[in-house]
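# Survey of secondary and tertiary structure
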Amino acid sequence: MTMINSAIAGKELLWFNNTLVAVQVSSADGEDGICVIEHRLPYGDSPPLHVHRNEDEVFHILEGRMRFVIDGRERIASVGGTIIAPKGLPHTYRVESPDGAHTLTVTRGSDFETMVRQASRPAERPELPQPTVPTPEMIATLTSLCAENGIDLVGPPLG
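Just so it is clear, the model here is predicted, and its values are computed rather than measured.

A water-sized probe, rolled over the atoms, reveals where empty space remains. Its boundaries defined by the atoms lining it, the largest pocket holds a volume of some 760 Å³. Lining the largest pocket are 35 residues; nearest its centre among them are Phe16, Asn17, Pro47, Pro48 and Leu142. Going through the elements one at a time, strand E1 (13–16), strand E3 (34–41), strand E5 (57–63), strand E10 (101–108), helix H1 (111–119), helix H2 (136–148) and strand E12 (151–155) are the ones with two or more residues in the lining of the largest pocket. Considering each element in turn, the lining of the largest pocket owes the most residues, six residues, to H2.

Below, the discussion takes up the confidence of the model for the chain. With 93% of its residues at a pLDDT of 70 or more, the chain shows a mean pLDDT of 93. Segment residues 1–5 is flagged for pLDDT under 50; beyond a separation of four residues in sequence, or across chains, it makes 15 contacts in the model.

The strand order across the open sheet built from seven strands is E8-E5-E10-E3-E2-E1-E11, with neighbouring strands paired in antiparallel fashion. With partners counted over all chains shown, the strands left at the sheet margins are strand E8 (82–85) and strand E11 (121–122), one partner each. Note that E1 and E11 share two bridges and pair antiparallel. By the bridge assignment, Trp15 is partnered in E11 with Arg121. Of the strands in this sheet, E1, strand E2 (19–25), E3, E5, E10 and E11 touch H1, which is tilted by about 45° from E3.

Extensive coverage of E3 is indicated by the burial of seven of its eight residues. Two elements, E2 and E3, share five bridges in a ladder whose sense is antiparallel. Residue pairing in the sheet places Val21 in a bridge with His39 of E3. Bridge count for E3 against E10 is eight bridges, and the pairing is antiparallel. By the bridge assignment for E10, Val36 is matched with Val106.

With that settled, the discussion passes to the environment of Ser120. Turning to its location among the elements, Ser120 is positioned in the loop between H1 and E11. Accessibility expressed as a relative area gives 15% for Ser120, which makes it buried. Remark: the alpha-carbon pair of Ser120 and Pro156, spanning 36 residues in sequence, is separated by 20 Å. The residues contacting Ser120, other than those within four sequence positions of it, are Leu14, Trp15 and Phe16. Of note is the side chain of Ser120, whose polar atom sits 2.5 Å from the backbone oxygen of Val116.

Analysis parameters
Residues numbered from 1 in each chain as written. Predicted model: local features only at pLDDT ≥ 70, side-chain atom pairs only at ≥ 80, totals over all residues. Heavy atoms only, no water. 1 Å grid on protein atoms, 1.4 Å probe; cavity = no way out; pocket = protein on both sides within 12 Å on 5 of 7 lines; lining within 4 Å. Points joined across faces, edges and corners; volume = space filled by probe spheres on them. Helix = DSSP H or I, 4+ residues; strand = E, 2+ residues; numbered from the N terminus. pLDDT = per-residue confidence, 0-100. Contact = heavy atoms within 4.5 Å. Pairing = 2+ DSSP bridges. Axes fitted to C-alpha atoms, helices over the stretch in contact; angles between N-to-C directions. Buried < 20%, exposed > 50% of the residue type's maximum accessible area, 1.4 Å probe, protein only. Polar contact = N/O pair within 3.5 Å; in protein donor to acceptor, adjacent residues only side chain to side chain.

Structure (structure tokens):
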């Protein structure tokens, strides 16, 4: 079984764009608003360059290799690596490992979690969805949902 076909378990499984996510800890679960989202990401996955206005975003790599660009600086992270994208700094990543990546994303506050929930659909099975190329309508919807939740899309994904 390859990494990207391995199931993840969580309270709620969602397909967020071309990824599988499980909300392991909701920002509503504790007093400090900590959120932990587990991700299965396919090879080449890269979100648009974006800025979180209100939350730092921490990535912990469980499997795979990822290239991050944070405030114009490139960093590579692999198994056991942890990267922080401080709020206010533009950042993105690209999954570089052929079998995909498995990560935990940690934020404080509900902005990122709310956007992920609003932009996702329930996973029909505990594996990655069929890959799709975003349409202009999908991009417009994601841009709007991000803006409503303190996230500004400021550039393209990494190629």
